[in-house]
Amino acid sequence: MLPFNIDYYKPKSIEEAVELFALLKRDHKRALYYSGGTEILTLGRLNLLHFDAVIDIKSVKECLVFDFYQNRLVSGAALPLTLIEEKNLFPLLSAVAKGVADHTARNKITLGGNICGQIFYREAILPFLLCDSDVVIAGENGIEKLPIHSIFNGALQLAEGQFVIQLLTEQAYISMPFVSLKKRQQWETGYPLLTVSSIKVENRLRFAFSGVCPYPFRSKEMEDALNQTNMSLENRIQQALESLPDHVLDDIEGSREYRLFVLKNTLEDIILELEGKK
Ligand SMILES: Cc1cc2nc3c(=O)[nH]c(=O)nc-3n(C[C@H](O)[C@H](O)[C@H](O)COP(=O)(O)OP(=O)(O)OC[C@H]3O[C@@H](n4cnc5c(N)ncnc54)[C@H](O)[C@@H]3O)c2cc1C
């Protein structure tokens, strides 16, 4: 139970959802787009999040698409993570999704909720960063399709009233070799200590990270360093770590030093596997 009353809306179209948000705003009501609801309800129950209404997007059919269309995989924002795993149309995304929380929570947690949530791991964004996907969003200016790198900076930079409808990924990326490793300090289903996902595109490795810094990221500088195959593996990794975009987390999941130690070993394992030396 939430400790305050809210209004619940379940629009059937994108336009209806956007209009509802605008109407509620006009009435000075704070509305949240609601997908799996796990984070909204958890934070609401703890009085860490306050809102007057939720707009449940699970009946908006565009948000539930998971299929190939014109050489692109369309992944709807309201897809539960377990459905993504079961259908396995995007093996790297399945591998990352499988690592989030436990199976029961993943039945509820959705792709859009994971990517847009306040809980900063947002692991499901990693495959889309690696594949230069596009993000389809809706808002008062209509529907827009934007390159992920122009709208994701640690978190999706959505304007008030905008919500994510879909992510579009070129089919060619889907079959590229990949490795995704999630390291936890405790239990099988806890938050990550860190997650590193990597794909090999035309003999060059791409890397995306969650749990290392206070937000998920992909870094060109780190990729340049990690791809210097004329250098020793140790030096490649050392140089990459000097280009981390922010401070390394030091929290209950693990100290900064421990994270760096695990990160080095994880990068080594991934590179050896994708370069065929393992
Ligand atoms: C037990 C547990 C374990 C977890 N473990 C992990 C983990 O290992 N790794 C990890 O990455 N995360 C983990 N999480 C975090 C989880 O993925 C997020 O809390 C996620 O937000 C939940 O998804 P949801 O669909 O339930 O989101 P909701 O509660 O529906 O929404 C969360 C936020 O996202 C916004 N939102 C939802 N959908 C959209 C959309 N389409 N467009 C714009 N905004 C939107 C909502 O307004 C809200 O602010 C865990 C959470 C729990 C409860």
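Residues numbered from 1 in each chain as written. Predicted model: local features only at pLDDT ≥ 70, side-chain atom pairs only at ≥ 80, totals over all residues. Heavy atoms only, no water.

Structural notes on the sheet that holds strand S6 (residues 134-139)
Consideration 1: Spatially, the 5 strands line up as an open sheet ordered S4-S5-S10-S6-S7, and their pairing is antiparallel. Unpaired on one side and paired on the other, strand S4 (66-69) and strand S7 (142-147) mark the two borders of the sheet. Going across the sheet, the axis of each strand differs from the next one's by a mean of 25°, ignoring polarity.
Consideration 2: For S6 and strand S10 (residues 163-170), the ladder comprises 5 bridges, and the chain directions are antiparallel. Across the sheet, residue Val-135 finds its bridge partner in S10, namely Leu-167.
Consideration 3: Packed onto the sheet, helix H1 (residues 14-26) meets S6, S7 and S10 and runs at close to 140° relative to S10. (Pairing = 2+ DSSP bridges. Helix = DSSP H or I, 4+ residues; strand = E, 2+ residues; numbered from the N terminus. Axes fitted to C-alpha atoms, helices over the stretch in contact; angles between N-to-C directions. Contact = heavy atoms within 4.5 Å.)

Focus: the layout of surface pockets
Which parts of space are left empty comes out when a probe the size of a water molecule is rolled across the atoms.
Consideration 1: Its boundaries defined by the atoms lining it, the second largest pocket holds a volume of some 170 Å³.
Consideration 2: The wall of the second largest pocket is formed by Leu-129, His-149, Phe-152, Asn-153, Gly-154, Tyr-215, Pro-216, Phe-217, Arg-218, Ser-219, Lys-220 and Glu-223.
Consideration 3: Where the lining of the second largest pocket is concerned, the elements lending two or more residues are strand S8 (152-153) and helix H10 (220-226).
Consideration 4: Split by domain, the lining of the second largest pocket shows at least three residues from each of two domains, domain 1 (1-174) and domain 2 (178-274). (1 Å grid on protein atoms, 1.4 Å probe; cavity = no way out; pocket = protein on both sides within 12 Å on 5 of 7 lines; lining within 4 Å. Points joined across faces, edges and corners; volume = space filled by probe spheres on them. Domains from an automatic or database assignment.)

Looking at the site of the ligand
Consideration 1: In the vicinity of the ligand lie 30 residues, with Tyr-33, Thr-38, Thr-110, Gly-113 and Glu-123 positioned nearest.
Consideration 2: For the ligand, an oxygen atom lies 2.6 Å from a polar atom in the backbone of Tyr-33.
Consideration 3: In the model, an oxygen atom of the ligand is placed 2.6 Å from a nitrogen or oxygen of the Glu-39 side chain.
Consideration 4: Taken by itself the ligand offers 980 Å² of open surface, and the protein chains cover 89% of this.
Consideration 5: Looking at the shell around the ligand, the elements with two or more residues in it are strand S2 (31-34), helix H2 (38-45), helix H6 (111-116) and S10. (Near = heavy atom within 4 Å. Polar contact = N/O pair within 3.5 Å; in protein donor to acceptor, adjacent residues only side chain to side chain. Areas by Shrake-Rupley, 256 points an atom, 1.4 Å probe, with all protein chains shown as cover.)

Observations regarding the pattern of salt bridges
Pairs may arise between side chains of opposite charge once their charged atoms sit close together.
Consideration 1: Using the criterion set out here, one finds 14 salt bridges in the structure.
Consideration 2: The residue Lys-61 makes a salt bridge to Glu-62 at a minimum N-O spacing of 3.7 Å.
Consideration 3: For Glu-62, a relative accessible area of 25% corresponds to the partly exposed category.
Consideration 4: Notably, a salt bridge pairs Glu-85 with Arg-106, separated by 2.7 Å at the nearest N-O pair. Remark: Arg-106 occurs in helix H5 (residues 103-108) and Glu-85 occurs in helix H3 (residues 81-87); sequence separation between them is 21 residues. (Salt bridge = Lys/Arg side-chain N within 4 Å of Asp/Glu carboxyl O. Buried < 20%, exposed > 50% of the residue type's maximum accessible area, 1.4 Å probe, protein only.)

Things to note about the domain arrangement of the protein
Consideration 1: Segmenting the protein into domains produces domain 1 (1-174) and domain 2 (178-274).
Consideration 2: For domain 1 versus domain 2, the distance between C-alpha centres works out to 26 Å.
Consideration 3: Taken together, the contacts link 23 residues of domain 1 with 26 residues of domain 2.
Consideration 4: Both sides of the domain 1 and domain 2 interface together cover about 1,900 Å² of buried area, and 68% of this is carbon and sulfur. (Buried area = accessible area lost by both parts, 1.4 Å probe.)

Some thoughts on helix H11 (residues 233-241)
Consideration 1: Along H11, the positions that sit buried rather than exposed are Leu-233, Arg-236, Ile-237, Ala-240 and Leu-241. Seen from one end, H11 has its buried residues packed into an arc of 130°, which puts them on one side.
Consideration 2: On its buried face, H11 sits against H10 and helix H12 (256-274). (Arc of directions from axis to C-beta.)

Side note on the sheet that holds strand S11 (residues 178-183)
Consideration 1: Spatial strand order, S11-S12-S13: 3 strands in an open sheet with antiparallel pairing. Both edges of this open sheet fall to S11 and strand S13 (204-210), since each of them pairs with a single strand only. Averaged over all pairs of adjacent strands, the angle between their axes in this sheet comes to 15°, without regard to strand direction.
Consideration 2: Relative to S13, strand S12 (residues 194-201) runs antiparallel, the two being bridged by 7 bridges. When the sheet's bridge partners are listed, Ser-198 is paired in S13 with Phe-207.
Consideration 3: Its contacts with the sheet place H12 against S11, S12 and S13, and it is angled at close to 25° to S12.

Brief notes about the side chain of Ser-133
Consideration 1: Residue position: Ser-133 is located in the loop between helix H7 (125-130) and S6.
Consideration 2: For Ser-133, a relative accessible area of 1% translates into the label buried.
Consideration 3: Of note is the side chain of Ser-133, whose polar atom sits 2.9 Å from the side chain of Thr-169.
Consideration 4: Setting aside chain neighbours within four positions, we find Ser-133 in contact with Phe-128, Leu-146, Pro-147, Ile-148, Leu-168 and Thr-169.

As for unusual backbone geometry
Consideration 1: Residues other than glycine seldom take positive phi values, yet Asn-47 does so here, at roughly 60°.
Consideration 2: Summarising the element assignment, Asn-47 is placed in the loop between H2 and strand S3 (53-56).
Consideration 3: For Asn-47, a relative accessible area of 42% translates into the label partly exposed.
Consideration 4: Of note in this structure, Asn-88 is not a glycine but carries a positive phi near 50°.
Consideration 5: Tracing the chain through its elements places Asn-88 in the loop between H3 and helix H4 (91-98).
Consideration 6: For Asn-88, a relative accessible area of 40% puts it in the partly exposed group.

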